[in-house]
Amino acid sequence: MLQEKHIILGVTASIAAYKIASLASMLKKQKADITVIMTPNATNFINPITFETLTGNKCLVDTFDRNFQYNVEHVALAKLADVFMVAPASADVIAKAAHGMADDMLTTTLLACECPKIFAPAMNTHMYNNPIVKDNMKTLSGYGIEVIEPATGYLACGDTGEGKMPEPEVLMEYIIKALTSKDLKGKKLLVTAGPTMEKIDPVRYISNHSTGKMGYAIARAAMLRGAEVTLVSGKTDIVPPMGVNMIDIVSAADMAEAVKANADTQDIIIKAAAVADYRPKHTADEKLKKKDDEMSIELERTEDILAYLGAHKKDHQFLCGFSMETENMIENSRNKLEKKNLDMIVANNLKQSGAGFGTDTNIVTVLTKNDTVQFPIMSKDEVANKLLDYIIKGVSV
């Protein structure tokens, strides 16, 4: 994704400048080519040598530095750039950029760039909420520049509120998003993920080993590729991907309700959650006490959400299910594909090493009405993109 991409990081005068050293290091590990441009005042917060050591490239500050390799530095550098991120972005540089001012190396290069541009504001909360600053950020957005919403918390000045620059991991996601082809732009995609939990009493429940990794990987990949994503998820330990409409659920009934409420407007629905097939027929209001003899719990079927979606599928919709098996994987999965009126089903075998719950990899076989395609072991992020590639073939984009 980032290999050989040229990324410009513009660093302005903010205490948050130190975080960009971590971002530069992360980008370098992904084999990106990084140039850091600093405003003169930013050098009071972090030394340019830090960035030169991390990136292997000269850190630029002076517009008229004649020791740089390009004859017309800002123009040549602007032509090379695949994405330009200003982080931290001070109120001063936001104002300059919003009104086309170019009085230093950073703003001059920014004005000459035609690549995607991203600003990550970082400043005192009162400055951030000043109507003038707000208007300047709206102006940037109006010109197609992405302005990242800052985090909220304790600020270096001692105030608490909006104005914190997001962590480097978040900034990295915005860069990846800017560099990702938007072949799903204009499409609405719903994905379910994680386990459901069926209550026995106030203490106990029936669930499964799903961690949600596959569903979350699909949601992230679809978001990066421009889709409007709704993620319906059971309880997991995963931080939701940025920019998705998150719906948290607990039980199979909760998931059914959430999916039904959103299904009609979706172009693509991917059911990757591990939904309980059964739940206790009666739920105890108080904790069930241990007995000397055996205890039995009467179970009843939960609603088959995938079957409901297949029966109510709209003409424009693409419906994809998942099938986790331990035997007769292809036969069982193809039966499910046909019985539930699916366009595609993704099958894997829980007993196969590298597939199934809790792993960072997966080994899947994709079945449609006419094809059966087996993929080799891949990371779940890679699997997610392969599935979306396959789905796009069956969807009008």
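See above for the structure.
As a convention, each chain's residues are numbered from 1 in the sequence order in which they are written. Confidence filtering applies because this is a predicted model: local features only for residues at pLDDT of at least 70, side-chain atom pairs given and counted only at 80 or more, and all residues used for totals across whole chains, interfaces and linings. Hydrogen atoms and water are omitted, and side-chain values are computed over all heavy atoms in the structure.

**Q** Mind showing me how you'd approach the overall build of the protein chain here?
**A** Within the protein chain, the regular secondary structure consists of 13 helices and 21 strands. With the principal axes as the frame, the protein chain shows a C-alpha extent of 80 × 50 × 40 Å. Only heavy atoms enter the contact rule, under which two residues are in contact if any of them lie within 4.5 Å. Across the protein chain, the fraction of contacts at a sequence separation of at least 24, relative to all contacts at a separation of at least 6, is 66%. Every accessible area reported is derived by Shrake-Rupley at a probe size of 1.4 Å, with residue values counting cover from the shown protein chains alone. When the accessible surface of the protein chain is totalled, it reaches about 19,600 Å², and 48% of it is carbon and sulfur. Under the scheme used here, helices are H or I runs from DSSP no shorter than 4 residues and strands are E runs no shorter than 2 residues, and both carry numbers assigned from the N terminus.

**Q** Got a minute to help me understand a nonpolar patch on the surface in this structure?
**A** Where nonpolar side chains cluster on the molecular surface, the patch consists of Tyr-278, Met-295, Ile-297 and Leu-299 and spans about 370 Å² of accessible area. Topologically, Ile-297 is positioned in the loop between strand S14 (278–280) and strand S15 (299–301). Grouping into patches uses exposed residues only, defined as over 30% relative accessible area, and leaves out salt-bridged ones; the cut-off is 9 Å for like charges and 5 Å for nonpolar side chains (Val, Leu, Ile, Met, Phe, Trp, Tyr). Should a side-chain nitrogen of Lys or Arg be within 4 Å of a carboxyl oxygen of Asp or Glu, the pair is scored as a salt bridge.

**Q** Please explain the pattern of salt bridges as it appears in this structure.
**A** Pairing between side chains of opposite charge can happen when the charged atoms of each approach one another. If you walk through the whole model with that rule in mind, you get 16 salt bridges. In this structure, Lys-177 and Glu-146 form a salt bridge, with 4.0 Å as the shortest nitrogen-oxygen distance. One end of the pair, Lys-177, is in helix H8 (residues 168–179); the other, Glu-146, is in strand S5 (residues 146–147), and 31 residues separate them in sequence. Notably, a salt bridge pairs Lys-340 with Asp-304, separated by 2.8 Å at the nearest N-O pair. Placement of the pair is Lys-340 in the loop between helix H12 (329–339) and strand S17 (344–349) and Asp-304 in the loop between S15 and helix H11 (305–311), with a sequence separation of 36 residues. One connected set of salt bridges, linked through shared partners, spans Asp-92, Lys-96 and Asp-103.

**Q** Would you take a moment to explain helix H10 (residues 252–263) for this structure?
**A** An α-helical turn contains 3.6 residues, so any two residues separated by three or four positions project in the same direction. End to end, H10 covers 16 Å across 12 residues, agreeing with the expected 16 Å (1.5 Å per residue, within 8%). Relative accessibility under 20% of the residue-type maximum defines a buried residue, over 50% an exposed one, and the middle range a partly exposed one, all with a 1.4 Å probe and only protein chains included. If you check which residues of H10 are buried, you get Ala-252, Met-255, Ala-256, Ala-258, Val-259, Asn-262 and Ala-263. In this fold, the buried residues of H10 make contact with strand S8 (188–193), strand S9 (198–199), strand S11 (228–233), strand S12 (245–248), strand S13 (268–271) and H11. Here a helix's expected span is defined as the number of its residues, less one, multiplied by 1.5 Å.

**Q** What should I look at first to understand the nonpolar core in this one?
**A** A general trend in soluble globular proteins is that nonpolar side chains are found buried together. The definition of a nonpolar core used throughout is a set of buried Ala, Val, Leu, Ile, Met, Phe, Trp, Tyr and Cys residues joined through side-chain atoms within 4.5 Å. Residues Leu-9, Leu-27, Phe-51, Met-85, Ile-175 and Ile-270 are the most contacted members of the largest nonpolar core, which totals 70 residues. With nine residues, helix H9 (residues 213–224) is the single largest residue contributor to this core.

**Q** Honestly, the packing of aromatic side chains in this entry has me stumped. Any pointers?
**A** The geometry of an aromatic ring pair is captured by the separation of the ring centres together with the interplanar angle, meaning the angle of the planes. Pairing of aromatic side chains here covers Phe, Tyr and the six-membered ring of Trp, requires ring centres within 6.5 Å, and sorts the geometry by plane angle: under 30 degrees stacked, over 60 edge-to-face, intermediate tilted. Enumeration over the complete set of coordinates arrives at zero aromatic pairs. Whether a charge lies above a ring is judged from NZ of Lys or CZ of Arg, which has to be within 6 Å of the ring centre and within 35 degrees of the ring normal. The ring of Tyr-308 carries the charged tip of Lys-260 above its face, separated from the ring centre by 4.6 Å. We note Arg-301 situated over the ring of Tyr-278; from NZ or CZ to the ring centre the distance is 5.6 Å.

**Q** Help me understand the sheet that holds strand S2 (residues 33–38) in this model?
**A** We treat two strands as partners when DSSP finds at least two bridges between them. Read from one edge to the other, the open sheet built from five strands follows the order S2-S1-S3-S4-S5, with strand pairing classed as parallel. Two strands in the sheet have a free side with no partner beyond their single neighbour: S2 and S5. Here strand S4 (residues 117–121) pairs with S5 via two bridges, running parallel. Opposite Ile-118, over in S5, you have Glu-146 as the bridge partner. Every axis corresponds to a line fitted to the C-alpha atoms, with the helix fit spanning only the stretch in contact, and the corresponding angles, defined between N-to-C directions, vary from 0 to 180 degrees. Contacts between helix H4 (residues 91–98) and the sheet are confined to strand S3 (83–89) and S4, with S4 contributing the most and set at about 145° to the helix. Packed onto the sheet, helix H5 (residues 105–112) meets strand S1 (6–11), S2, S3 and S4 and runs at close to 145° relative to S3.

**Q** What is the right way to look at H9 in this model?
**A** Its 12 residues give H9 an end-to-end C-alpha distance of 16 Å, which sits within 8% of 16 Å, the value for a rise of 1.5 Å per residue. For H9, the buried fraction is high: 10 of the 12 residues fall into the buried class. Following H9 by one or two positions, Gly-226 has its phi on the positive side, about 100°.

**Q** Got a minute to help me understand the layout of surface pockets in this structure?
**A** The probe, sized like a water molecule, is rolled over the atoms to show the empty space still left. Quantified by volume, the largest pocket comes out at close to 890 Å³. Secondary structure elements with two or more residues in the lining of the largest pocket: H9, H11 and strand S16 (318–325). If you tally residues by element for the lining of the largest pocket, the top one is S16, at four residues. Reported here for the second largest pocket is a volume of approximately 440 Å³. Only protein atoms enter the 1 Å grid, on which a cavity is a set of points fitting a 1.4 Å probe that cannot get out and a pocket is an open set with protein on both sides within 12 Å along at least 5 of 7 lines, lining residues being those with an atom within 4 Å of a point. Grid points are joined across faces, edges and corners, and a volume is the space filled by probe spheres set on the points.

**Q** Can you walk me through the side chain of Thr-35 in this structure?
**A** Structurally, Thr-35 is set in strand S2. Side-chain atoms alone can form a polar contact between residues adjacent in sequence; in general such a contact is a pair of N or O atoms within 3.5 Å, and within protein one must be able to donate a hydrogen while the other accepts it. Among the polar contacts made by the side chain of Thr-35, one reaches the side chain of His-6 at a distance of 3.1 Å. Excluding its chain neighbours within four sequence positions, the residues that come into contact with Thr-35 are His-6, Ile-7, Ile-8, Leu-9, Asn-57, Lys-58, Leu-60 and Leu-77.

**Q** It is not clear to me how the pairing of S1 should be interpreted in this structure. Could you clarify?
**A** Here is the key point about a regular strand: its side chains alternate between the two faces of the sheet. A large share of S1 lies buried, amounting to six of its six residues. Burial of the side chains of S1 extends over both faces: His-6, Ile-8 and Gly-10 are buried on one face and Ile-7, Leu-9 and Val-11 on the other. Strand direction decides the pairing type here: S1 and S3, joined by four bridges, are parallel. When the sheet's bridge partners are listed, Ile-8 is paired in S3 with Phe-84.

**Q** Please explain the sheet that holds S11 as it appears in this structure.
**A** Across a sheet, strands are paired by hydrogen bonds formed along the backbone, either parallel or antiparallel in direction. Ordered in space as S12-S11-S8-S13-S16-S17-S19-S20, the eight strands form an open sheet in which the pairing is mixed. Edge positions in the sheet fall to S12 and strand S20 (372–374), since each has one partner strand and no second. Going across the sheet, the axis of each strand differs from the next one's by a mean of 15°, ignoring polarity. Across three bridges, strand S19 (residues 365–367) lies against S20 in antiparallel orientation. Opposite Val-366, over in S20, you have Val-373 as the bridge partner.

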